[in-house]
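# Notes for the structure review
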Amino acid sequence: MAEKEKFYITTAIAYTSRKPHIGNSYEIVLTDAIARYKRLQGKDVFFLTGTDEHGQKIEEYAKAAGVTPKQYVDKVAGEIREICDLLNTSYDKFIRTTDEYHERVIQKIFRKLYEQDDIYKGEYEGMYCTPCESFWTESQLVDGKCPDCGREVKPAKEEAYFLRLSKYQKRLEDFIEQNEDFIYPEPRKKEMLNNFIKPGLQDLCVSRTSFKWGIPVDFDPDHVVYVWIDALSNYITAIGYDPDGSSDMYKKYWPADVHIIGKDIVRFHTIYWPIMLMALGEPLPKQVFGHPWLLFGEDKMSKSRGNVIYADDLVNLLGVDAVRYYLLSEMPYTSDGSITYETIIERFNSDLANTFGNLVNRTIAMQNKYFDGVIQSPSAKEPIDDELAQFALDTVKKVEACFTSYRVADAIEAVLNLAKRSNKYIDETMPWALAKDEDKKARLGTVLYNLLEAIRFIAVLLSPFMPETSEKIFAQMNCEVKDYDSLSAFGAIKEGVTVGKAEALFQRIDAEKMLSDIAAKQEAAAKAEEASKPVEEEKVEEITIDDFFKSDLRVAEILECEKIKKSNKLLKLQLNDGSGKTRQIVSGIAKWYKPEDLIGKKAIIVTNLKPVKLCGEISEGMLLSGEKDGEVAVTFVDLPVGAKIC
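These lines cover the structure that appears in this document, whether it is placed above or below. Quick caveat: nothing in here was measured; it's all calculated off a predicted structure. (Residues numbered from 1 in each chain as written. Predicted model: local features only at pLDDT ≥ 70, side-chain atom pairs only at ≥ 80, totals over all residues. Heavy atoms only, no water.)

### Structural notes on the overall build of the chain
- When its secondary structure is counted, the chain shows 21 helices and 26 strands.
- Projected onto its principal axes, the C-alpha coordinates of the chain cover approximately 90 × 80 × 45 Å.
- Relative to its 646 residues, the chain shows a buried fraction of 51%.
- For the chain, contacts bridging at least 24 residues in sequence account for 74% of all contacts bridging at least 6. (Helix = DSSP H or I, 4+ residues; strand = E, 2+ residues; numbered from the N terminus. Buried < 20%, exposed > 50% of the residue type's maximum accessible area, 1.4 Å probe, protein only. Contact = heavy atoms within 4.5 Å.)

### Observations concerning the nonpolar core
- Counting residues in hydrophobic clusters, the biggest one holds 109 residues, and the most contacted among them are Ile9, Ile22, Ile34, Leu314, Phe356 and Phe465.
- Element by element, the count of residues in this core is highest for helix H17 (residues 441-462), at 14 residues.
- Setting aside chain neighbours within four positions, we find Phe465 in contact with Ala33, Arg324, Leu328, Phe403, Val408, Ala411, Ile412 and Val415.
- Among the nonpolar cores identified, the runner-up in size contains 66 residues, and Phe110, Ala160, Ala238 and Ile275 belong to it. (Core = buried A, V, L, I, M, F, W, Y, C linked by side-chain atoms within 4.5 Å.)

### Looking at the packing of aromatic side chains
- One pass over the structure, following the stated rule, counts 30 aromatic pairs.
- Ring geometry for Phe348 and Phe506: centres 5.7 Å apart, planes at 85 degrees, overall edge-to-face. You can see Phe348 sitting in helix H13 (residues 341-371) and its partner Phe506 sitting in the loop between helix H18 (467-477) and helix H19 (511-532), a full 158 residues away along the chain.
- A residue is classified by how much of its surface remains accessible, and Phe348, at 7% relative accessible area, is buried.
- One aromatic cluster in this structure is built from Tyr8, Phe46, Tyr235, Tyr241, Tyr250, Tyr253, Trp254 and Trp273.
- In this structure, Lys263 packs its charged tip against the face of Trp293, placed 4.6 Å from the ring centre.
- Taking NZ or CZ as reference, Lys441 lies 5.3 Å from the ring centre of Phe371, over its face. (Phe/Tyr/Trp six-rings, centres within 6.5 Å; stacked < 30°, edge-to-face > 60°. Lys NZ or Arg CZ within 6 Å of the ring centre and 35° of its normal.)

### Quick word on the sheet that holds strand E12 (residues 224-225)
- An order of E10-E12-E11 is seen for the 3 strands of this open sheet, with the pairing classed as antiparallel. Because the sheet does not close on itself, it has two edges, and the strands there are strand E10 (207-208) and strand E11 (215-216).
- Where E10 and E12 come together, 2 bridges link them in antiparallel fashion. Bridge pairing in E12 places Arg208 opposite Val224. (Pairing = 2+ DSSP bridges.)

### Structural notes on unusual backbone geometry
- Between Tyr184 and Pro185 the backbone carries a cis peptide bond, its omega angle lying at -15 degrees.
- Residue Pro255 is bonded to the preceding Trp254 through a cis peptide linkage, with omega at 10 degrees.
- On the secondary structure map, Pro255 appears in the loop between helix H9 (248-253) and strand E13 (258-262).
- Although it is not a glycine, Asp117 sits at a positive phi angle of roughly 65 degrees.
- Following the sequence through the fold, Asp117 ends up in the loop between helix H4 (100-115) and strand E5 (119-129).
- A positive phi is found at Met430, a non-glycine position, where the angle reads about 50 degrees.
- Within the secondary structure, Met430 sits in the loop between helix H15 (408-429) and helix H16 (431-434).

### Examining the packing of helix H5 (residues 169-178) against helix H10 (residues 266-280)
- For the pair H5 and H10, the least separation of the axes is 10 Å and the interaxial angle reads 110 degrees. One finds that H5 runs roughly perpendicular with respect to H10. The hand of the H5/H10 crossing is right-handed. Here Arg171, Leu172, Phe175 and Ile176 of H5 come into contact with H10, specifically with Thr270, Ile271, Pro274, Ile275 and Met278.
- Looking at the contact of H5 with H10 residue by residue, the class counts come to 7 nonpolar, 1 polar and 1 charged. (Axes fitted to C-alpha atoms, helices over the stretch in contact; angles between N-to-C directions. Parallel < 35°, antiparallel > 145°, perpendicular 65-115°, else oblique. Left-handed = near helix turned anticlockwise from the far one by under 90°. Nonpolar A, V, L, I, M, F, W, Y, C, P; charged D, E, K, R; others polar.)

### Details of the side chain of Ser17
- Mapped onto the secondary structure, Ser17 falls in the loop between strand E2 (14-15) and helix H1 (22-40).
- Not counting residues within four places of it along the chain, the set of residues in contact with Ser17 comprises Ile58, Tyr61, Tyr72 and Val76.

### Comments concerning the sheet that holds strand E6 (residues 134-136)
- Strand order in this open sheet of 4 strands is E6-E5-E7-E9, and the pairing throughout is antiparallel. Lying at the two open borders of the sheet, with one neighbouring strand each, are E6 and strand E9 (204-205).
- Inspection of the sheet shows strand E7 (residues 154-163) paired to E9 by 2 bridges, in the antiparallel sense. Bridge assignment links Phe162 to a residue of E9, and that residue is Cys205.

In structure tokens:
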């Protein structure tokens, strides 16, 4: 038997600062879909993921939590792995950078690079960003802040070891330009070359002395190995790399076929990592694919903004495969994707319940109704059957082409389109009409055969995206022909087999009820969190008169008011503020006011607040009100509309 073609794929390892949100989880699901597809094609796949567990930030988090750094990362790494398992990802190995074998090899790598003068000792002085664990020069800062995360930086000076990036600059530049597929998508490649490499590479700080939570430099124990060498090298230590002699596994799988990473760390993987490998004398990975971010609406997810969605919460609401489907289908190729509860419910109902679910349910039910479940021979063919068959065969080619360039959302859309074409085929052939004519029995059997075969194609092609759903479809069809090679021709399903009982794959969601339940849970969670905070004496922060005058307070008349269906506490108001345009404000006063009691009243509003979205509605300001002992009262006035309060 010929040896299978190998395919080594990795995610970036997740930083163990805190429990990952659904935006962080997108990457593991994306990588899993690619790995499953390559296995489906018959490749020998090795899929690596894991956790990055050292650094100053971890040390600080652990101190704040009153535990050791190791205790802290053990907890978070456990949460990260649980989420990987919850999302049904088929990783072959989960590496932790606190694993003993990894730490031992990192020390060897550091020593090797030092002994061959690719690492040298010096001193670093610059502006340091603790969250990013990065040094910056004054010229690299943006508005005086970290160019990567926008946070505050502080001056820092310390002894450090440096990796000679400048030594390998020309070699790296030549490699990227000669290997067109190395950096994907194309815009990321241009950004790396034009913005970072060609202007000139500065040598990279690769050790630290200002904290201890890291792998010690064995020949200089005052230093710990900095994140770049420690974290990036996981891709080779996990499969047996050792400067003193690597394992057969390493020789088999390296170089990696693709690193799947977020767009924000492309620079580290296409500049620092290749240069480390060049210095070690090892081959470079074949590709680095930098995927976009998954945003909450239009904003990056952040706990401080209150817009974080966690994978386990979504799975509890919708099921694993529905979450996987949304993540994989909603993310564009180069621009950021978006997730809200409203959109995920909408896609659940339209794609999963209506298109996929309805197709399978109708077909299995008709097979049972008209032929007691027994699959008939396709003996009465018509030209329209060939159209469906060709559409199915073309879908296989489209999916393969999409996976070649990691256009996973396009691949899943191609499968969805096959389901839509199959539903259209039902409308075109009208099996219910054929069933009324005994002379059309053979034609009816052929139509249902073709539908079942199209569904089999769908089930095979869906398996990388929604493995549980794929198996449910095969079980309902009582079908054992699941291999990828069977998709080379239309007609592999066996006649004479009896299908199972038709069962709904996805039950339609009552969107209004679910959104209302979600809003209620969020409100309860917020109250519980507020109640758990220690009671402190209220401190009033002093402001200057200039600070006060930054607020634009105006009198506005309430023209319309209604409750927001998704929330028990929010009212949506339309106001005339004298500007000539109607202003919409969402206010949490439903407990104290009925909509009809507010219409026609004049109130004071803040007009220059940045608009925000609350329960799917834009709020363009704030209604002034007072609170005492849990009771709230709006500030009503008898002044002209548009009057400025000063």
